[in-house]
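# Report on the structure
Take a look at the letters that make up each chain.
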Amino acid sequence: MAARCVLGYIWTSLSGFKCVASSSNMSAFQRKTRCPQLSVFGNIQSRGIRHIVEKKEGKTTIIEGTTEDTPSRPQPPNATAQCPIYRWNLQNKYNYTDVLLLSQFIRSDGGMLPRRVTGLCAQEHRKIAICVQMAHRAGLLPDHKPTLPEGHIPKKPKPQLNRYLTRWSIDSVKPIYRTGLKWCKNRISVGHPALRNNVQYGKKILYLKH
Amino acid sequence: MSSFTKSAQQWATFARSWYLIDARMQPPGKIATMCAIRLQGKHKPIYHALSDIGDHVVVMNTRHIAFSGNKWEQKIYSSHTQYPGGFKQVTATQLHLKDPKAIVKLAVYGMLPRNLSRRTMMQRLHLFPEDDLPEDILLNLTEELPQPREIPRRLNEYSQEEREAFPTLWTP
């Protein structure tokens, strides 16, 4: 966080002269692309962890900055994109079962990391949040449960029922007492419409209403 | 097969087999379609509705079935006792807690043809809530059918090598 403040200060000091003249003429698009440094900050991959090493030889103290060698990580196929999902070309290809992908965007207690930290675009952030919710409800993330306060005794033991592709939260849903006739049936919703454009391998269509 | 004797071929064609299905983490509807096909005998080329060539089907782990969506809360099973004020509506959760075999039983019952042989076919369906089957049924089983739904793996079921092989999408 301190590094980002430093970078922001450097950017403003360098481009302060340019901004004064052209600030009034800039369009909305240019204002959005005004901060290249902050977005490039997430794209830099070869930046290793730096240490400050202090050595004392008699009366002289040597303060050295060393860069730790990080092992080279595989390059994404589309390195110039903004969103990490578009960088790896995973746009419509992930589901609630891809826990290895989803676990990179969640905290240890199961909550989502903010968009400004992960660098996801708005639509993909929403889709990942929906998939994480469905994965939690399916029980695929057992180690990411929120920590209960000490001495907390649950009043009623909840029935352990297996479920998957649950769109709504369990306590918020009411039973469908009158389902209606065949031509106007009150269908049960499965999955989520945000994942409607997912790639379907095989001839089966994705049914969102059962 | 052509190498069998005539009596062996006759026995192989008309014998009543016993199938086993594990319903753990499976949707009950898909389990029920597999059961209904085999109880009617529609998986055999010698099928005829009046021939009574259905097989026995044993379903185990019916307590651990998985519904998609919010069906545990939204799906309703209704019944009427024929007395006035005897209309009862129960959610899938309540029915499952009361009787773990009922959901699969009702699903299969609704998928069989609505004729007199439906009751005999239901007698050939054997449901067990857990995986402990009685010995006489275990001795009769011939084939286990593959599960319709692929069970997704939990995060702790992935090995450390698989987690390291998966690329990290973003750096903090």
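Identification of chain B as Large ribosomal subunit protein uL13m from Salvelinus namaycush is taken from an unreviewed UniProt entry. Its UniProt record, at the heading Subcellular location (unreviewed entry), says of chain B: "Mitochondrion". UniProt annotates chain B under Sequence similarities (unreviewed entry) with the comment "Belongs to the universal ribosomal protein uL13 family."

Going by the annotation in an unreviewed UniProt entry, the name recorded for chain A is Large ribosomal subunit protein mL66, with Salvelinus namaycush given as the source organism. Chain A has a UniProt comment under Subcellular location (unreviewed entry) that states "Mitochondrion".

### A short note on the packing of aromatic side chains
Taken as a whole and assessed by the stated rule, the structure comprises two aromatic pairs over all chains. Note on phenylalanine 105 of chain A and tryptophan 170 of chain B: the rings are 6.5 Å apart at their centroids and 15° apart in plane angle, and the pair reads as stacked. Linking phenylalanine 105 of chain A in the loop between helix H5 (99-102) and helix H6 (115-118) with tryptophan 170 of chain B in the segment after helix H8 (160-165), this pair reaches from one chain into another. Judged by its relative accessible area of 0%, phenylalanine 105 of chain A is buried. Ring centres 4.9 Å apart and planes at 80° place the aromatic pair phenylalanine 67 of chain B and tryptophan 72 of chain B in the edge-to-face group. Geometry around tyrosine 19 of chain B places arginine 38 of chain B over its ring, the cationic atom sitting 5.7 Å from the centre.

### Quick word on the interface of chain A and chain B
Listed as interface residues are 45 residues of chain A and, on the opposing side, 35 residues of chain B. Both sides of the chain A and chain B interface together cover about 3,600 Å² of buried area, and 62% of this is carbon and sulfur. Considering only the surface of chain A that becomes buried against chain B, Leu100, Asn162 and Tyr164 of chain A emerge as the three largest contributors, covering 21% of it. Joining chain A to chain B, the criterion identifies one salt bridge. Between chain A and chain B we count 17 residue pairs in polar contact (both at pLDDT 80 or more) in total. Contributing elements (two or more residues each) for the side of chain A that touches chain B: helix H4 (84-87), H5, H6 and strand E3 (162-164) of chain A. Across the side of chain A that touches chain B, the residue classes break down as 27 nonpolar, 12 polar and six charged.

### Side note on the environment of aspartate 55 of chain B
Residues and elements named next belong to chain B. Secondary-structure assignment places aspartate 55 in the loop between helix H2 (28-40) and strand E2 (56-60). On the basis of relative accessibility, which here comes to 0%, the residue aspartate 55 falls in the buried class. Along the sequence, aspartate 55 and arginine 154 sit 99 residues apart, while their C-alpha atoms lie 36 Å from each other. With residues up to four places along the chain from it excluded, the contact list for aspartate 55 reads Ala15, Arg16, Ser17, Tyr19, Arg38, Leu39, His43, Lys44 and Arg124. A polar contact of 3.0 Å, which involves the side chain of aspartate 55, links it to the backbone nitrogen of serine 17.

### Some remarks on H2 of chain B
Residues and elements named next belong to chain B. Taking 1.5 Å of rise per residue, 13 residues should cover 18 Å, and H2 covers 18 Å from first to last C-alpha, within 8% of that figure. When H2 is considered as a whole, its buried residues turn out to be Pro28, Ile31, Ala32, Met34, Cys35, Ala36, Arg38, Leu39 and Gln40. Contact partners of the buried residues in H2: strand E1 (18-22), E2, strand E3 (66-68), helix H5 (102-111), helix H6 (117-123) and strand E6 (125-127). Positive phi shows up at glycine 41, right after H2, with a value of about 95°.

Rules used in this analysis
Residues numbered from 1 in each chain as written. Chains lettered and ligands numbered in written order. Predicted model: local features only at pLDDT ≥ 70, side-chain atom pairs only at ≥ 80, totals over all residues. Heavy atoms only, no water. UniProt positions renumbered as here; feature names shortened; annotations may be inferred. Phe/Tyr/Trp six-rings, centres within 6.5 Å; stacked < 30°, edge-to-face > 60°. Helix = DSSP H or I, 4+ residues; strand = E, 2+ residues; numbered from the N terminus. Buried < 20%, exposed > 50% of the residue type's maximum accessible area, 1.4 Å probe, protein only. Lys NZ or Arg CZ within 6 Å of the ring centre and 35° of its normal. Contact = heavy atoms within 4.5 Å. Buried area = accessible area lost by both parts, 1.4 Å probe. Salt bridge = Lys/Arg side-chain N within 4 Å of Asp/Glu carboxyl O. Polar contact = N/O pair within 3.5 Å; in protein donor to acceptor, adjacent residues only side chain to side chain. Nonpolar A, V, L, I, M, F, W, Y, C, P; charged D, E, K, R; others polar. Expected span 1.5 Å × (residues − 1).

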